[in-house]
Protein chains: 6
Amino acid sequence: MRPSGRQTDEMRRISIETNVNRHAEGSCLIRVGDTHVLCTASVDERVPPFLKNSGLGWVTAEYGMLPRATNSRMRREAKEGLTGRTQEIQRLIGRSLRAGVDRVALGERQIVIDCDVIQADGGTRCAAITGGWVALRLAVNRLMKSGLVRSDPLAAPVSAVSCGIYAGQAVLDLDYPEDSEAGVDGNFVMTGDRLIEVQMSAEGSTFARDQMTVLLDLANKGAVELAAAQMAAVA
Amino acid sequence: MRPSGRQTDEMRRISIETNVNRHAEGSCLIRVGDTHVLCTASVDERVPPFLKNSGLGWVTAEYGMLPRATNSRMRREAKEGLTGRTQEIQRLIGRSLRAGVDRVALGERQIVIDCDVIQADGGTRCAAITGGWVALRLAVNRLMKSGLVRSDPLAAPVSAVSCGIYAGQAVLDLDYPEDSEAGVDGNFVMTGDRLIEVQMSAEGSTFARDQMTVLLDLANKGAVELAAAQMAAVA
Amino acid sequence: MRPSGRQTDEMRRISIETNVNRHAEGSCLIRVGDTHVLCTASVDERVPPFLKNSGLGWVTAEYGMLPRATNSRMRREAKEGLTGRTQEIQRLIGRSLRAGVDRVALGERQIVIDCDVIQADGGTRCAAITGGWVALRLAVNRLMKSGLVRSDPLAAPVSAVSCGIYAGQAVLDLDYPEDSEAGVDGNFVMTGDRLIEVQMSAEGSTFARDQMTVLLDLANKGAVELAAAQMAAVA
Amino acid sequence: MRPSGRQTDEMRRISIETNVNRHAEGSCLIRVGDTHVLCTASVDERVPPFLKNSGLGWVTAEYGMLPRATNSRMRREAKEGLTGRTQEIQRLIGRSLRAGVDRVALGERQIVIDCDVIQADGGTRCAAITGGWVALRLAVNRLMKSGLVRSDPLAAPVSAVSCGIYAGQAVLDLDYPEDSEAGVDGNFVMTGDRLIEVQMSAEGSTFARDQMTVLLDLANKGAVELAAAQMAAVA
Amino acid sequence: MRPSGRQTDEMRRISIETNVNRHAEGSCLIRVGDTHVLCTASVDERVPPFLKNSGLGWVTAEYGMLPRATNSRMRREAKEGLTGRTQEIQRLIGRSLRAGVDRVALGERQIVIDCDVIQADGGTRCAAITGGWVALRLAVNRLMKSGLVRSDPLAAPVSAVSCGIYAGQAVLDLDYPEDSEAGVDGNFVMTGDRLIEVQMSAEGSTFARDQMTVLLDLANKGAVELAAAQMAAVA
Amino acid sequence: MRPSGRQTDEMRRISIETNVNRHAEGSCLIRVGDTHVLCTASVDERVPPFLKNSGLGWVTAEYGMLPRATNSRMRREAKEGLTGRTQEIQRLIGRSLRAGVDRVALGERQIVIDCDVIQADGGTRCAAITGGWVALRLAVNRLMKSGLVRSDPLAAPVSAVSCGIYAGQAVLDLDYPEDSEAGVDGNFVMTGDRLIEVQMSAEGSTFARDQMTVLLDLANKGAVELAAAQMAAVA
């Protein structure tokens, strides 16, 4: 029934290749099916002005998409300025990753996560969060190895997955053909069995509470698989 | 326990004054406690290019905040450009209102909802959606009276309310002092007993699924009260 | 003869409601007929860089118009950037109000006057100056009550009114239908019987010196009425 | 008494060199003392959209200042965007020149007047209007010679001059040292003995009506001299 | 002598992986040592306005660098706007590739080459031209296979390489440590044994004509190797 | 054969008028045929941040073109932002002039060269470099006279000229009609018999190495004439 032939609760193939950038303190190329996102973590010993002398660290994110990541070429954002969609996504990524960070343990420094979509097939923001956590983990490992950070500011992996109602069925991990047709869909950011962010919306439609429950169950299943892939990648 | 002395499931006082703008096809000033938003609906017989000759209508929204709507003066957006927060909010308002519109019945025309926050005390985006629907309803009434629209494109009111965990307790309709302290909060857009959009997030924290259930129950109670106020206003 | 049926030397109904904003140090909603402007005064203990350590205070103004303040909806300035017209108006408001301020007595602090047009029917810049002075007066009163300012930096009210030649007749306080037809019009900023700023221009036409004299006489009459309304509002 | 040693009613030396640009349909370099402005008139057979098929012509102006036209170098506007001051000035120039044009006689075409300040010593907007009219006159002469325009759309020259109260004395044609000290000053745009625009303002001060009368008398004297120089230049 | 241990006339290892993007009509990832550039070619059946109905095709290029492509993170261009350096580079790439295209044979369509630097170590604009041609070649192959283009608009490969005087020695294919130290360097765009563009400059220094000759000889050697790699990649 | 009737190796008439701006520390109006560029040098005792406390001076350049410098009016850059072409040119001018400056001898100060094209007929960037050096020389002379600079930071003049293949013939100093037709052209920045920058490009075509040699010979001849004019102007 799904265009890809997947089961309703089947995720796309996940691959996470680490250390793909020789300059960044942490990096990975995450592939969730045909969605490919390059994630780098850059450590900056200076924090933003509002945190000066607070003793607290900061994690923030930026997101971009190459013009031909999509089926038809999009205009280059460097020419046009950041769209509202891009700003909304990078705020989500930053908020999600910060929820999994002990900012006291991180110490007064900033880590910038850059998530650049090399190829898109739906679910780019979820892949960015999942891969962004891997880059962050690797950068933090390096800070700990160098002694700059003593106690580990990270706990369980933070990952994200989308679910939605496609052709009347609740499905896990929407690809682009499903995403563009789904009447209801949501993004679920999780760590362990706890939630960090839930965004559900109905495109030109509405949904009942029990539909939400079904999607949350699917998301939970996806989060377990993503966390396993993340842990394997950083092992 | 709440700074305002309200019960955990008690909303702020709601008032909706209609026809406050002599030019707009529909308008209201919605007050949810000390949050005051001026909403106007402007009918435009032209649709955006992507809808030309589609026979479908469009509803979109713009959101702004006067510089001194807040406790300390903010910089004027007209000088600085739209922030990411503003863009995220106006996309939410537009999406929410469109979910309650039969775009075939509306016909090939556009209604622009402007939501300008005159005074802010938390929950401005929720007030904007709730008041925006009232302005939209009034503008559609005028289109129907004039015969331009035959069958009513609107059904039950669309409204929105925030809920969150404040000082360990689930509370309905956060005001600014609560909102700035809440570890978990969410915005719930509803129509009747169905959901249009759910956005829950944990600021530097996480939440369990059963907390979500409690907040949804509170939101449901709020939605009933808001819908009553909306119906009274447009009667 | 006038579209509104007013006498040539008759102003529109003036109403000034004060303390309409719970956050601002001074505020009012001024209504001159169907022109409604919300004015707030925000005290900032820091001055702009060019006044650091000068001992002198500063008063500046910003002006905006809600998109549907006008008969047909205008594009939102936050999206497009400030127009030249807006910048010209806010420079005028700031200059006019500063002319009535003893900057030594005010002390090294800044007061920002925000004038936001809620509904427009001609003469918005004049209403903004008149209402802006009221907001300024209220904010200064508060500074004096708190002891931060000892000697009163304000004297007589500063107000503004437009006059023009409409249908061959000199008329006071142009509304929009008159303003869009007038071949010659002017804005007159006054304090007591003295002038602060005179801007007269002929749209595609010219005028003689004695026409200017007639308009100045009308403006003088208007200024007396406006000052009375301002004094009553702040009493 | 004046820094330059001039009489109170004495203008600076005026020189207008025409046809200084080989490409433009009309051009001049106007020098009013040490204020030098290069003015070109460019004929465009297309009008702005709002005049399509109206049969009416249009005259508009743009104004700029080279970064080192002033005593200390200013930032280049092409890098920073147009300032409010620049926009205010170019609106004034356009309005002033249009007041002296019969737009029916001009026919449906546009003339763009570019006024670029090569060197500044006060009064640049006045010099721009005065020189801009000369460039316009030359461009219109060419249109008439070619038969594109039959009846002359221009009448008497449009010129502008500033006057002000400097060191307690009313003086004509302020140079920069006077302009930066004057408590009251004004710009007067005239054609023959009629006025097109009057802008008087008091920097941090006020003025009485009879001071205005004195300045108008001085402006009148200046306009006569400027018109003579303009007529000689285009002869 | 060279930081990398290479001979003076030795290029870095070149690898060109093709068809790395499932959406683009042509694509490759070119690696010249540690400089990695992702190149895509997007066919657009519409040409820019200035070529409408000319029968001529167009090739243009856009260039970007991911924020952490460099040793220390750069600001994201989408936030800041295109720098002058970026614009200069993308004009160079477009010009260079167009020189190798028969625009009549291409027919009235546009091919946009996007060159995004994934990792930088000097010579990014040269790698972008070399890889850009490969993407272009692949896209043109597809157009020919589909019958949209009949006669081949491309001839010999277009490639580019940098040379410079490093530590007193003429060297081929500068990497970043060499590039940042070189007193004289140049970029040479070639096709076969003919030149398309030569840009030589002396950073704070000068050079003699015979130094230019030596660098041209080196560039020629590099061009032969690059062309071989390009032909192998598209075979 | 040339549209102007010049010999292939004949430059246009050069005139350099110095001290044309009363404010600037150095200035000239350079005319190369019908290309007229106003150049000013502004001394600023502060250096850019990256040179603070380095003891090194800096020379930078900005370039602009008046809207009607060209045959048909261009849009004003202050309205549209700097084009890529403008940025490329001003980077070239700055780099070229810095190559001829001993930055230690100049001392920790900045000189900004503004080059504004008053009238264009091809070769504006070359005229800007040539005239820019004259303005720089005059400003440095003044610094030396005042004792602020002790040892002369400038040596031989820096000048620039374009050459190209027009109608099959190598020609010196292209004017606009030649420039717009030339298949191959180049800009050559020289000081004495040494080169500072060479930029050769083939518009939609290619060139052989021996063509480059011929153009370099022509450029050398031009540089001798330009240096003589520069030395005469500053004598």
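Conventions we followed
Residues numbered from 1 in each chain as written. Chains lettered and ligands numbered in written order. Predicted model: local features only at pLDDT ≥ 70, side-chain atom pairs only at ≥ 80, totals over all residues. Heavy atoms only, no water. Core = buried A, V, L, I, M, F, W, Y, C linked by side-chain atoms within 4.5 Å. Buried < 20%, exposed > 50% of the residue type's maximum accessible area, 1.4 Å probe, protein only. Contact = heavy atoms within 4.5 Å. Buried area = accessible area lost by both parts, 1.4 Å probe. Salt bridge = Lys/Arg side-chain N within 4 Å of Asp/Glu carboxyl O. Helix = DSSP H or I, 4+ residues; strand = E, 2+ residues; numbered from the N terminus. Least-squares fit on C-alpha atoms with pLDDT ≥ 70 in both. Polar contact = N/O pair within 3.5 Å; in protein donor to acceptor, adjacent residues only side chain to side chain. Nonpolar A, V, L, I, M, F, W, Y, C, P; charged D, E, K, R; others polar. Phe/Tyr/Trp six-rings, centres within 6.5 Å; stacked < 30°, edge-to-face > 60°.

**Q** Just checking my understanding: could you explain the nonpolar core for this structure?
**A** Burial of nonpolar side chains together is a common tendency in soluble globular proteins. Among the nonpolar cores identified, the biggest contains 132 residues, and Leu136 of chain C together with Leu136 of chain D are the most heavily contacted of them. With residues up to four places along the chain from it excluded, the contact list for Leu136 of chain C reads Ala41, Val59, Leu97, Val101, Ile111, Ile113 and Leu154 of chain C.

**Q** Sorry, what's going on with the interface of chain A and chain E here?
**A** Interfaces are often sized by the accessible area lost when the parts come together. Taken residue by residue, the interface counts 36 residues in chain A and 36 residues in chain E. Both faces considered, chain A and chain E share a buried interface measuring about 2,800 Å² in area, 45% of it formed by carbon and sulfur atoms. Counting the surface chain A buries against chain E, the share from its top three residues, His23, Arg68 and Arg76 of chain A, is 26%. The tally of links from chain A across to chain E stands at 18 salt bridges. Note that Arg22 of chain E and Asp121 of chain A form a salt bridge whose closest N and O atoms lie 4.0 Å from each other. Ranked by residues supplied to the side of chain A that touches chain E, first place goes to strand β5 (residues 110-119) of chain A with six residues.

**Q** I would appreciate a short explanation of the relation of the copies chain A and chain E in the present structure.
**A** Each copy of the sequence occupies a distinct position, and chain A is placed on chain E by a rotation of 180 degrees and an axial shift of 0.0 Å, giving an RMSD of 0.0 Å. Here the copies are linked by what is in effect a two-fold axis. Residue Ala78 of chain A of chain A places its C-alpha closer to the rotation axis than any other residue of that unit, at 1.8 Å. A shared interface surface links the copies, since 100% of the contact residues of chain A are contact residues in chain E too.

**Q** In this structure, what is going on with the interface of chain B and chain C? I would like to understand it.
**A** Taken residue by residue, the interface counts 36 residues in chain B and 36 residues in chain C. In this structure, the connection of chain B to chain C is made through 18 salt bridges. Counting the contacts that link chain B with chain C gives 28 residue pairs in polar contact (both at pLDDT 80 or more). Elements with a minimum of two residues in the side of chain B that touches chain C: β3 (35-44), β4 (58-65), α1 (77-80) and β5 (110-119) of chain B. Per-element accounting of the side of chain B that touches chain C gives the leading share, six residues, to β5 of chain B. Of the residues contributing to the side of chain B that touches chain C, the split by class is 15 nonpolar, nine polar and 12 charged.

**Q** Any chance you could explain the packing of aromatic side chains here in plain terms?
**A** Each aromatic ring pair is described using two quantities: the centre-to-centre distance and the angle formed by the ring planes. All names here are of chain B. The final tally for this structure, using the stated rule, is six aromatic pairs over all chains. Between Phe50 and Trp58, the aromatic rings sit 5.2 Å apart at their centres with planes inclined by 90 degrees, giving edge-to-face as the arrangement. For Phe50, a relative accessible area of 55% corresponds to the exposed category. Trp58 sits in the buried class, given a relative accessible area of 16%.

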